[in-house]
Amino acid sequence: MKIKAGSIVVVIVLIAVMLIAYLVVSNGMEAKNRPLILIPKTIDNRVEFWQVLNQGVFAAAKEYNTEVKVIGPPSESDIDEQIKLVEEAIAMKPRAIILAATDHNRLVPVAQKVISSGIKLITVDSGLKGGVSSSFIATDSYAAGRKAVETMKRYVQGPATFAIVSFVKTSTTQLDRENGVRDSLKNDPSIHVLDTLYSNGSEEKAYEQTKKLLAERSDIRGIFGLNEVSTVGAARALKEMDLERNIKLVGFDSSMNEIAFLEEDILQATVVQKPFNMGYLAVKTALQVYNGEAVKAIMDTGSEVITKENMYTSENQKLLFPFVEK
């Protein structure tokens, strides 16, 4: 039996079409099965903020039936290590990378590499210069810095010298909070704000820096701690050196140590973020962007001022005592 040449061509074309269709479907399935990768500022489990953010991430991962891998540097100051981890994450070809940038400027080139590799990029907590991501999910840190000043004014009136104890200088979170504090105070000639102390994310360094400052300056009336470790380090120094409790401390974030300092009247107030919400929304948004849905460029997850007087309300208890796995 003779087979016509035209029939052979048709069969070959059909096989080619079926093969292409199979490859497209299988590649699509493979892409959908690829994980999301979260790269926080640190995986140090002593910092409760990141543990709670992870809870939000994994709650969303469970709800949306997706896998999330977490990789991060040992400390917030290890910018080179985070850049290296982003490079490694690109090689894994995830559907999306969720990044909390340790440095708003130095992470930009590798962030652009993420995008040029066809991987969706979401930033959480700390963003990048130029807004290099599909969406930035965080507290409005500038507004939170101003909120810290308004809170301090309840405890310190009149002429005053203030100190700021912060963390990594080049983090957008730090920059915005510090600017919020300074801008709120700059128009009052009776107020003097000292140069900021940067702990590079080390509680011990924040403690030592504050001790040294207190030994050198007797005129300080208030201290702003701009994140969890900075606040706890400053509070430890005040507990040792300000026995009369004359110096007021307004901090950021929530931890069991900070709660104890609130109860002891060493810490007057803390501006608490909502890291669970950040983590949850980061995963949800990453999946939306991957699926081609429109999302907001900036999402403010909000913050609340917690004091000894209001810390026992039901809503504030939820913020102060999230379940943290040890």
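Fair warning: this is a prediction, and the values are worked out from it, not measured in the lab.

**A few points about the sheet that holds strand β2 (residues 68-70)**
If you walk across this open sheet you meet the six strands as β2-β1-β3-β4-β5-β12, and the pairing is parallel. Two strands in the sheet have a free side with no partner beyond their single neighbour: β2 and β12 (298-300). Strand-to-strand twist of the sheet, defined as the mean angle between neighbouring strand axes without regard to direction, takes the value 20°. Of the strand pairs in this sheet, strand β1 (residues 36-39) and strand β3 (residues 96-99) are connected by four bridges, and their pairing is parallel. Residue pairing for β3: Ile39 is matched across the bridge by Leu99.

**A short note on the side chain of Arg95**
Counting through the fold element by element, Arg95 comes out in the loop between α3 (79-92) and β3. No salt bridge is formed by the buried Arg95; the nearest opposite charge belongs to Glu67, separated by 7.3 Å. At 2.3 Å, the side chain of Arg95 forms a polar contact with the side chain of Thr66.

**Focus: the pairing of strand β6 (residues 160-166)**
Within β6, seven of the seven residues are buried, leaving the element largely enclosed by the surrounding structure. Because side chains alternate across β6, one face comprises the buried residues Ala160, Phe162, Ile164 and Ser166, and the other comprises Thr161, Ala163 and Val165, equally buried. Pairing geometry for β6 and strand β7 (residues 191-193), over three bridges, is parallel. Pairing of Phe162 across the sheet is with Val193, part of β7. You can see the chain leave β6, run along helix α6 (residues 172-185) and come back into β7, and the turn it takes is right-handed. The pairing of β6 with strand β9 (residues 220-225) spans five bridges and is classified as parallel. When the bridges of β9 are listed, Phe162 appears paired with Gly222. Sheet topology places β6 next to strand β8 (residues 197-198); two bridges connect them, and they run parallel. In the strand pairing of β8, Val165 is matched with Leu197.

**Some points on the environment of Gly56**
Relative to the assigned elements, Gly56 resides in helix α2 (residues 48-63). In this structure the C-alpha to C-alpha distance between Gly56 and Leu281, which are 225 residues apart in sequence, comes to 7.9 Å. Beyond its immediate chain neighbours, meaning those up to four positions away, Gly56 contacts Phe276, Gly279 and Tyr280.

**Topic: the packing of α2 against helix α10 (residues 275-290)**
In the contact formed by α2 and α10, the axes pass within 7 Å of each other and the chain directions differ by 40°. Of the two elements, α2 crosses α10, and the hand of that crossing is right-handed. Where α2 approaches α10, its residues Phe49, Val52, Leu53, Gln55, Gly56, Val57, Ala59, Ala60, Ala61 and Glu63 are matched on the opposing element by Pro275, Phe276, Met278, Gly279, Tyr280 and Val283. Residue composition of the contact of α2 with α10, by class: 12 nonpolar, three polar and one charged.

**Comments concerning the layout of surface pockets**
Reported here for the largest pocket is a volume of approximately 310 Å³. If you trace the largest pocket, you find 20 residues lining it, with Gly127, Leu128, Gly131, Phe136 and Ile298 closest to the centre. At the level of elements, β5 (135-138), α6 and β12 are the ones that each hand at least two residues to the lining of the largest pocket. A class-by-class count of the residues in the lining of the largest pocket yields seven nonpolar, nine polar and four charged.

**Quick word on the pairing of β3**
The alternating pattern of β3 places Ala96 and Ile98 and Ile97 and Leu99 on opposite faces, both of which are buried. Of the strand pairs in this sheet, β3 and strand β4 (residues 120-124) are connected by four bridges, and their pairing is parallel. Residue pairing across strands places Leu99 opposite Thr123, the latter belonging to β4. After leaving β3, the chain enters helix α4 (residues 108-116) and then returns to the sheet as β4, a path that is right-handed.

**With respect to α4**
Every buried residue belonging to α4 is among Val108, Val110, Ala111 and Val114, and all of these are buried. One side of α4 carries all its buried residues, which in axial view fall inside an arc of 165°. Away from its buried face by more than 90 degrees, α4 exposes Pro109 and Ser116. Summarising the contacts, the buried residues of α4 are in contact with α3, β3 and β4. Among the residues trailing α4, Gly118 stands out with phi positive, at a value near 85°.

**Some points on α3**
For α3, with 14 residues, the first-to-last C-alpha span of 20 Å sits near the 20 Å given by 1.5 Å per residue. For α3, the complete set of buried residues consists of Ile79, Gln82, Ile83, Leu85, Val86, Ala89 and Ile90. Mapping the buried residues of α3 onto a view down its axis gives an arc of 160°, with all of them on the same face. Within α3, the exposed residues directed more than 90 degrees away from the buried face are Asp80 and Ala91. One side-chain oxygen at the N-terminal end of α3 lies 3.2 Å from the backbone nitrogen of Glu81; it belongs to Asp78. After α3 finishes, the residue Lys93 shows a positive phi value of roughly 55°.

About the thresholds
Residues numbered from 1 in each chain as written. Predicted model: local features only at pLDDT ≥ 70, side-chain atom pairs only at ≥ 80, totals over all residues. Heavy atoms only, no water. Pairing = 2+ DSSP bridges. Helix = DSSP H or I, 4+ residues; strand = E, 2+ residues; numbered from the N terminus. Axes fitted to C-alpha atoms, helices over the stretch in contact; angles between N-to-C directions. Buried < 20%, exposed > 50% of the residue type's maximum accessible area, 1.4 Å probe, protein only. Lys, Arg positive; Asp, Glu negative; His and termini not counted. Salt bridge = Lys/Arg side-chain N within 4 Å of Asp/Glu carboxyl O. Polar contact = N/O pair within 3.5 Å; in protein donor to acceptor, adjacent residues only side chain to side chain. Right-handed = clockwise from strand over helix to strand, strands pointing away. Contact = heavy atoms within 4.5 Å. Left-handed = near helix turned anticlockwise from the far one by under 90°. Nonpolar A, V, L, I, M, F, W, Y, C, P; charged D, E, K, R; others polar. 1 Å grid on protein atoms, 1.4 Å probe; cavity = no way out; pocket = protein on both sides within 12 Å on 5 of 7 lines; lining within 4 Å. Points joined across faces, edges and corners; volume = space filled by probe spheres on them. Arc of directions from axis to C-beta. Expected span 1.5 Å × (residues − 1).

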